[in-house]
Amino acid sequence: MMPKRTTAEWQEIRDQYIPQGVGNGNRNIAKYGRGAELYDIEGERYIDFAGAIGTINVGHAHPEVVKAIQEQAENVIHPGFNVMMYDSYIELAKQLTEITPGEHAKQTILLNSGAEAVENAVKIARKYTKRQAVVTFDRAFHGRTNMTMGMTSKVKPYKFEFGPFAGELYKAPYPYPYRKPDDMSDETYEAFMIEEFERFFLTTVAPESTACVVMEPVQGEGGFIVPPKRFVKYVEEFCKKHGILFVADEIQTGFGRTGAFLASEHFEITPDFVTLSKSLAGGVPLSAVVGRSEVMNEASPGELGGTYAGSPLGCAAALAAIDVIRNENLNERAEVIGEQIEAKGKAWAEKYEWVGEVRRLGAMVAIEIVEDRKTKTPDKMKAAAIAKAANASGVLLLTAGLYGNVVRFLPPLVMTDEQLEEGLEKIASVFDDL
Ligand SMILES: Cc1ncc(COP(=O)(O)O)c(C=O)c1O
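As annotated in an unreviewed UniProt entry, the protein chain carries the name (S)-3-amino-2-methylpropionate transaminase and comes from Salsuginibacillus halophilus. Here is the UniProt Cofactor (unreviewed entry) comment for the protein chain, exactly as written: "pyridoxal 5'-phosphate". UniProt lists a comment for the protein chain under the heading Sequence similarities (unreviewed entry), and it reads "Belongs to the class-III pyridoxal-phosphate-dependent aminotransferase family."

Below you can see the structure in the form of structure tokens.
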């Protein structure tokens, strides 16, 4: 039985029994969520612009997802796929091969977390190519396990004093259009970054030693950085030319977030592997690697899997979430939500010199906070103050970015126009009061 306590009592117990290393953006105690709103145990309402860091694209407690979980729980909670198969794993594996780009034969394995999916993509890529090097990018984020910490780029708080990391992990340059040199046109910058990417394979690691390049089509934790399409397509071509497997890490960009099932669609790329998690299962822990059959099938029986990997509750929730995204046109809705946040952000940019840039792909929207637009000096303190004040005024909002100065929006895609307007008005008041 859950004891009844006040928020202050829960906070005190939390601080005693849970380490501070597990961060909390908002220290109130969530009681229930519906759609784009959360309520705490005191009855306070929050408009959710964080979506559990991009996990709740179909909204909190979507009735179809809840029904699917309940039905699955009544049938069987966990036979363990390695012990006895079940239909929801098999059906989801099939549907994910249909959702991901490319007409080639594909297979899927299901896992628990995003980091675990990324690790498995690397594991399979190494096995297939018989090569060891793994290339990720500046400002990348791929998780908190040893391998994925090594693949991640931001040192504090993700890596500092947690090493040593796995070997043969390298970081290639990734464009940051907002911070390109002032005297470079967009076109020159794109060409320059492509040259830098090529040069990296001369100075740092040989293409023929490289098993895979793992790329976020839009960087998430790195600050919602949208790279030029030409660069992404070049990376794909380079991989193809050198027999390197190209992995799109769509853990944050996937499942409707950018206005398409996968952000890869915007860049017109066909990755060899896609990693998925977060909104895959409407909030239930689940992740996936979907890849070329000939590559995925390289590992022998028993080499892949895990006790809870592909839990039936997650599979049932994911199958329901896929239907919800389709039936409620959430990909289209993402674009509408993104446009409205962008419009508001642009109005703020006219008013405040410290709004450096508003950028987005679909409903993955960022506002980069700087001291002023001329120097572009990152203002981490102001971004943190915005997130804190927004939380205090009933809006869940997060920051991101290498410099911690990006306010990021990941609202559930079922957010209504009224909720969106109300939430943005509250953020406008926060901006006014700074
Ligand atoms: C692009 C990307 N990859 C991997 C991960 C790691 O996922 P998890 O926290 O589920 O391990 C994240 C989490 O934010 C992510 O955004």
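Q: What's the story with the overall build of the protein chain in this structure? I'm lost.
A: A tally of regular secondary structure across the protein chain gives 14 helices and 15 strands. In terms of overall dimensions, the protein chain has C-alpha extents of about 65 × 55 × 45 Å along its principal axes. Out of the 434 residues in the protein chain, the part that is buried amounts to 55%. Put simply, of all contacts in the protein chain between residues at least 6 apart along the chain, 71% involve residues at least 24 apart. A total accessible area of about 19400 Å² is found for the protein chain, and carbon and sulfur atoms account for 52% of it. Where the 47 positive side-chain charges of the protein chain centre and where its 61 negative ones centre are 3 Å apart.

Q: Quick question: what am I supposed to make of a nonpolar patch on the surface here?
A: Together, Y17, I18 and V22 make up a nonpolar patch on the protein surface, roughly 310 Å² of accessible area in all. One can find Y17 in helix α1 (residues 7-17). In this structure Y17 comes out as exposed when scored by relative accessible area, which is 61%.

Q: How should the nonpolar core be read in this particular structure?
A: If you look at soluble globular proteins, the nonpolar side chains tend to sit buried side by side. With 85 residues, the main nonpolar core has F49, L96, F273 and F409 as its most contacted residues. Per-element accounting of this core gives the leading share, 10 residues, to helix α11 (residues 312-327). Inspection of this core shows a minimum of three residues originating in each of domain 1 (7-58 + 329-433) and domain 2 (65-327). F273 has contacts with A121, I124, A125, L245, F246, V247, A248, V289, V290, G291, V295 and M296, leaving out every residue within four places of it along the chain. Among the nonpolar cores identified, the runner-up in size contains 37 residues, and A172, Y174, I269 and V406 belong to it.

Q: Can you walk me through the sheet that holds strand β12 (residues 364-369) in this structure?
A: Two orientations exist for strands paired in a sheet by backbone hydrogen bonds: parallel and antiparallel. Spatially, 4 strands are ordered β11-β12-β15-β14 in an open sheet, and the strand pairing comes out antiparallel. The open sheet has two edge strands with one neighbour each: β11 (355-361) and β14 (398-400). Averaged over all pairs of adjacent strands, the angle between their axes in this sheet comes to 30 degrees, without regard to strand direction.

Q: Could you clarify how one ought to interpret unusual backbone geometry in this entry?
A: A negative phi holds for most residues other than glycine; trans holds for most peptide bonds. With an omega of 10 degrees, the peptide bond between K156 and P157 qualifies as cis. Inspection of the secondary structure assignment puts P157 in the loop between α6 (146-151) and β6 (169-172). Residue P164 is bonded to the preceding G163 through a cis peptide linkage, with omega at 5 degrees. Within the element layout of this structure, P164 appears in the loop between α6 and β6. Phi is positive for F224, which is not a glycine, with a value near 55 degrees. Within the fold, F224 resides in the loop between β7 (210-215) and α8 (229-242). Taking the relative accessible area as the measure of exposure, F224 reaches 1% and is therefore buried. A positive phi angle is found at E268, which is not glycine, with a value near 55 degrees. Mapped onto the elements, E268 comes out in the loop between α9 (264-267) and β9 (273-276). When its relative accessible area of 52% is taken as the criterion, E268 is described as exposed.

Q: Help me out: how do you make sense of the domain arrangement of the protein chain in this one?
A: Where interface size is given, it is often the accessible area lost as the parts come together that is meant. Once the domains are mapped, the protein chain shows domain 1 (7-58 + 329-433) and domain 2 (65-327). For domain 1 and domain 2, the distance between their C-alpha centroids amounts to 25 Å. Each partner contributes residues to the interface: domain 1 has 37 residues there, and domain 2 has 38 residues. Carbon and sulfur atoms supply 56% of the area buried between domain 1 and domain 2, which totals about 3000 Å² over both sides. Among the residues domain 1 hides against domain 2, the three largest losses belong to N331, L361 and M364. Together they make up 24% of the total. Taken together, domain 1 and domain 2 are joined by 2 salt bridges.

Q: Even after reading the chapter, I still don't get the environment of K106, so can you show me in this structure?
A: Looking at the element boundaries, K106 is found in strand β4 (residues 106-111). On the basis of relative accessible area, K106 is assigned to the buried category, the value being 13%. Spatially, the C-alpha atom of K106 lies 16 Å from that of N120, the residues being 14 residues apart in sequence. Setting aside residues up to four positions removed in sequence, K106 forms contacts with T97, T100, P101, V290, G291, R292 and S293.

Q: Can you walk me through the site of the ligand in this structure?
A: In the vicinity of the ligand, the residues found are S113, G114, A115, F141, H142, G143, E216, E221, D249, I251, Q252 and K278. Here a nitrogen atom of the ligand sits 3.4 Å away from a polar atom, N or O, in the main chain of F141. In the environment of the ligand, an oxygen atom lies 3.0 Å from a nitrogen or oxygen atom belonging to the side chain of K278. Considered on its own, the ligand offers 390 Å² of accessible surface; in the complex 84% of this is hidden by protein. Here the shell around the ligand is composed, by residue class, of 3 nonpolar, 5 polar and 4 charged.

Q: How should the packing of helix α3 (residues 63-75) against α11 be read in this particular structure?
A: The angle between the axes and the distance between the axes are what describe a pair of packed helices. α11 packs onto α3 with a crossing angle of 150 degrees between their chain directions and a minimal axis gap of 8 Å. By the criterion of interaxial angle, the relationship of α3 to α11 is roughly antiparallel. Crossing of α3 over α11 shows right-handed handedness. Contacts from E64, V65, A68, I69, Q72 and A73 in α3 reach P312, L313, A316, A317, A320, A321 and V324 in α11. Residues of the contact of α3 with α11, tallied by class, amount to 11 nonpolar, 1 polar and 1 charged.

Conventions and cut-offs
Residues numbered from 1 in each chain as written. Predicted model: local features only at pLDDT ≥ 70, side-chain atom pairs only at ≥ 80, totals over all residues. Heavy atoms only, no water. UniProt positions renumbered as here; feature names shortened; annotations may be inferred. Helix = DSSP H or I, 4+ residues; strand = E, 2+ residues; numbered from the N terminus. Buried < 20%, exposed > 50% of the residue type's maximum accessible area, 1.4 Å probe, protein only. Contact = heavy atoms within 4.5 Å. Areas by Shrake-Rupley, 256 points an atom, 1.4 Å probe, with all protein chains shown as cover. Lys, Arg positive; Asp, Glu negative; His and termini not counted. Charge placed at Lys NZ, Arg CZ, Asp CG, Glu CD. Patch = residues over 30% accessible without salt bridge, like charges linked within 9 Å, V, L, I, M, F, W, Y side chains within 5 Å. Salt bridge = Lys/Arg side-chain N within 4 Å of Asp/Glu carboxyl O. Core = buried A, V, L, I, M, F, W, Y, C linked by side-chain atoms within 4.5 Å. Domains from an automatic or database assignment. Pairing = 2+ DSSP bridges. Axes fitted to C-alpha atoms, helices over the stretch in contact; angles between N-to-C directions. Buried area = accessible area lost by both parts, 1.4 Å probe. Near = heavy atom within 4 Å. Polar contact = N/O pair within 3.5 Å; in protein donor to acceptor, adjacent residues only side chain to side chain. Nonpolar A, V, L, I, M, F, W, Y, C, P; charged D, E, K, R; others polar. Parallel < 35°, antiparallel > 145°, perpendicular 65-115°, else oblique. Left-handed = near helix turned anticlockwise from the far one by under 90°.

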